[in-house]
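Here are the chains, one letter per residue:
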Amino acid sequence: MDASEVAACWEANAETWTRHARAGYDLYRDALNTPAFMANLPSVTGFVGLDIGCGEGANTRQIAKAGAAMTGIDIAPTFIRHAQEAEAAAPLGITYRLADGMELPFADASFDFTTAFMSLMDMPHQDRVLAEAARVLKPDGFLQFSILHPCFATPSRRVLRDEHKTVLGIEVRDYFRATDGEIETWRFGAAPEHEKAKVEPFKVPRFHRTLSEWVNLIIAAGFAVEHMHEPQIDAETAAREPYLADTRVAPLFLHMRVRKPASSG
Ligand SMILES: C[S@@+](CC[C@H](N)C(=O)[O-])C[C@H]1O[C@@H](n2cnc3c(N)ncnc32)[C@H](O)[C@@H]1O
């Protein structure tokens, strides 16, 4: 699948995605993924940052609130419009631009750090987006990203539950099957059934890579791995929101922080 087809899928997803995410239906993001990401983000006060694949901007806003001067880019015009409208309504000094993460419209060494929340596995050429992130970073700058966990969120993952909805295990298949834009169709699981029934499901093109492929891509882009994290929900939240309890059995997300060398020599 080429980049323009991927962009068309995200543009088609963007309206419902924004409305449902802002209604609180992206529960994995709000209750687990973003809080864990922010907890592991180094201090960014006074830093200049770029958020790659920013969507409607919720996470970009969190980083701006942590004190960074942020730019967010996304491939889908509707996401950028919603992000810009949110910025106009409650300014945080964020600039949003329509752009492809695999071809960033910024000069070399423009940013102190870059982030990518759940977007890199959605791009056809991860080597290019990692090389671009490295290019626009200043020496010693970092990229922190979250992706679907390469080992436990393969192209075929099924949560096994008993009749009480208790998670018994995770069935994982197809780990070694690289996908080239295979479409996954789903809605936010925490959305009420009547809301789900009103909308078309998201169509999400996936570009699955194994863990060793990811690590080798990161090394090839010139980064050094600095920190990794596999967030899991705490027992109390899992009891309150059984929907999230699968992350106590095996992680759904992988977080990495990687750093560009301070000098090339
Ligand atoms: C799973 S969503 C995550 C959105 C946002 N970061 C969040 O965490 O709420 C993936 C995002 O990546 C964007 N995306 C996909 N391919 C892209 C590309 N080549 N360049 C920039 N953004 C891209 C999509 O439009 C979408 O907004």
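Higher on the page you've got the structure.
Residues numbered from 1 in each chain as written. Predicted model: local features only at pLDDT ≥ 70, side-chain atom pairs only at ≥ 80, totals over all residues. Heavy atoms only, no water.

Caption draft 1: Summary view of the overall build of the protein. A tally of regular secondary structure across the protein gives 8 helices and 11 strands. Radius of gyration (C-alpha) of the protein: 18 Å, near the 18 Å computed for a compact globule of 265 residues. Oriented by its inertia axes, the alpha-carbon framework of the protein measures out at about 60 × 40 × 40 Å. Classification of the 265 residues of the protein by burial places 51% in the buried group. Counting only contacts in the protein whose residues sit at least 6 apart along the sequence, the fraction spanning at least 24 positions is 73%. With the model as given, the accessible surface of the protein reaches about 11,900 Å², and the carbon-plus-sulfur share is 54%. The protein carries 27 positive and 36 negative side-chain charges, and their two centres are separated by 2 Å. (Helix = DSSP H or I, 4+ residues; strand = E, 2+ residues; numbered from the N terminus. Rg over C-alpha atoms; globule rule 2.2 N^0.38 Å. Buried < 20%, exposed > 50% of the residue type's maximum accessible area, 1.4 Å probe, protein only. Contact = heavy atoms within 4.5 Å. Areas by Shrake-Rupley, 256 points an atom, 1.4 Å probe, with all protein chains shown as cover. Lys, Arg positive; Asp, Glu negative; His and termini not counted. Charge placed at Lys NZ, Arg CZ, Asp CG, Glu CD.)

Caption draft 2: Seen up close, the packing of helix α1 (residues 3–22) against helix α4 (residues 77–89). Running from amino to carboxyl end, α1 crosses α4 at an angle of 35°, the nearest separation of the two axes being 7 Å. Across the interface between the two elements, Trp-10, Glu-11, Ala-14, Glu-15, Trp-17, Thr-18 and Arg-22 of α1 pack against Pro-77, Thr-78, Phe-79, Arg-81, His-82, Ala-83 and Ala-86 of α4. (Axes fitted to C-alpha atoms, helices over the stretch in contact; angles between N-to-C directions.)

Caption draft 3: The site of the ligand, seen in detail. In the vicinity of the ligand lie 20 residues, with Gly-53, Asn-59, Asp-74, Gly-101 and Phe-117 positioned nearest. Note that a nitrogen atom of the ligand is positioned 2.9 Å from one of the side-chain N or O atoms of Asp-100. The backbone of Phe-117 places a nitrogen or oxygen atom 2.9 Å from a nitrogen atom of the ligand. Contact with the protein chains removes 96% of the 590 Å² of surface that the ligand exposes when unbound. Along the lines of polarity and charge, the residues of the shell around the ligand split into 11 nonpolar, 5 polar and 4 charged. (Near = heavy atom within 4 Å. Polar contact = N/O pair within 3.5 Å; in protein donor to acceptor, adjacent residues only side chain to side chain. Nonpolar A, V, L, I, M, F, W, Y, C, P; charged D, E, K, R; others polar.)

Caption draft 4: Main features of helix α3 (residues 58–65). Most of α3 is tucked away, with 6 of its 8 residues classed as buried. For α3, the complete set of buried residues consists of Ala-58, Asn-59, Thr-60, Arg-61, Ile-63 and Ala-64. The first or second residue beyond α3 is Gly-67, which carries a positive phi of 110°.

Caption draft 5: Representation of the nonpolar core. Counting residues in hydrophobic clusters, the biggest one holds 40 residues, and the most contacted among them are Leu-50, Ile-52, Leu-120, Leu-143, Phe-145 and Phe-223. Contributing elements (two or more residues each) for this core: α2 (27–39), β1 (48–52), β4 (111–117), α5 (126–136), β5 (137–148), α7 (211–220) and β11 (253–259). Leaving out residues up to four positions away in the same chain, Leu-143 has contacts with Thr-114, Thr-115, Ala-116, Leu-130, Ala-133, Leu-137, Phe-223, Met-256, Arg-257 and Val-258. By size, the runner-up hydrophobic cluster in this structure holds 16 residues, among which are Leu-41, Ala-64, Tyr-96 and Phe-113. (Core = buried A, V, L, I, M, F, W, Y, C linked by side-chain atoms within 4.5 Å.)

Caption draft 6: Main features of the pattern of salt bridges. Applying the stated criterion across every chain, the model contains 21 salt bridges. Arg-173 is the partner of Glu-171 in a salt bridge, and the nearest nitrogen-oxygen pair spans 2.8 Å. Residue Glu-171 is classed as partly exposed on the basis of its relative accessible area of 23%. Here Glu-184 and Arg-206 are joined by a salt bridge, their closest N and O atoms 2.8 Å apart. Taken together, the residues Glu-184 in strand β8 (residues 182–186) and Arg-206 in strand β9 (residues 202–206) connect sequence positions 22 residues apart. With relative accessibility at 22%, the residue Glu-184 sits in the partly exposed group. Salt bridges here are not isolated pairs; linked through shared partners, they connect Arg-22, Asp-26, Arg-29, Asp-30, Glu-56 and Arg-61. (Salt bridge = Lys/Arg side-chain N within 4 Å of Asp/Glu carboxyl O.)

Caption draft 7: Up close: the packing of aromatic side chains. Overall, the coordinates contain 17 aromatic pairs when judged by the stated rule. Between Trp-10 and Trp-17 the ring centres are 5.2 Å apart and the planes differ by 70°, which places this aromatic pair in the edge-to-face class. For the pair Trp-10 and Phe-79, a centre-to-centre distance of 6.5 Å together with 45° between the ring planes defines the contact as tilted. Separated by 69 residues along the polypeptide, Trp-10 in helix α1 and Phe-79 in helix α4 bring together distant segments of the chain. Relative accessible area serves as the criterion here: at 10%, Trp-10 is assigned to the buried category. Residue classification places Phe-79 among the buried residues on the basis of a relative accessible area of 3%. Taken together, the ring pairs connect Trp-10, Trp-17, Phe-79, Trp-186, Phe-188 and Phe-202 into an aromatic cluster. (Phe/Tyr/Trp six-rings, centres within 6.5 Å; stacked < 30°, edge-to-face > 60°.)

Caption draft 8: Molecular detail of the side chain of Arg-257. Its place among the elements puts Arg-257 in strand β11. Among the residues examined, Arg-257 registers a relative accessible area of 11% and is labelled buried. Within the local environment of Arg-257, its side chain forms a polar contact with the side chain of Glu-226, the two groups lying 2.6 Å apart. If near-sequence neighbours (up to four positions away) are discounted, Arg-257 is found in contact with Asn-40, Pro-42, Phe-142, Leu-143, Gln-144, Ala-224, Val-225, Glu-226 and His-227.

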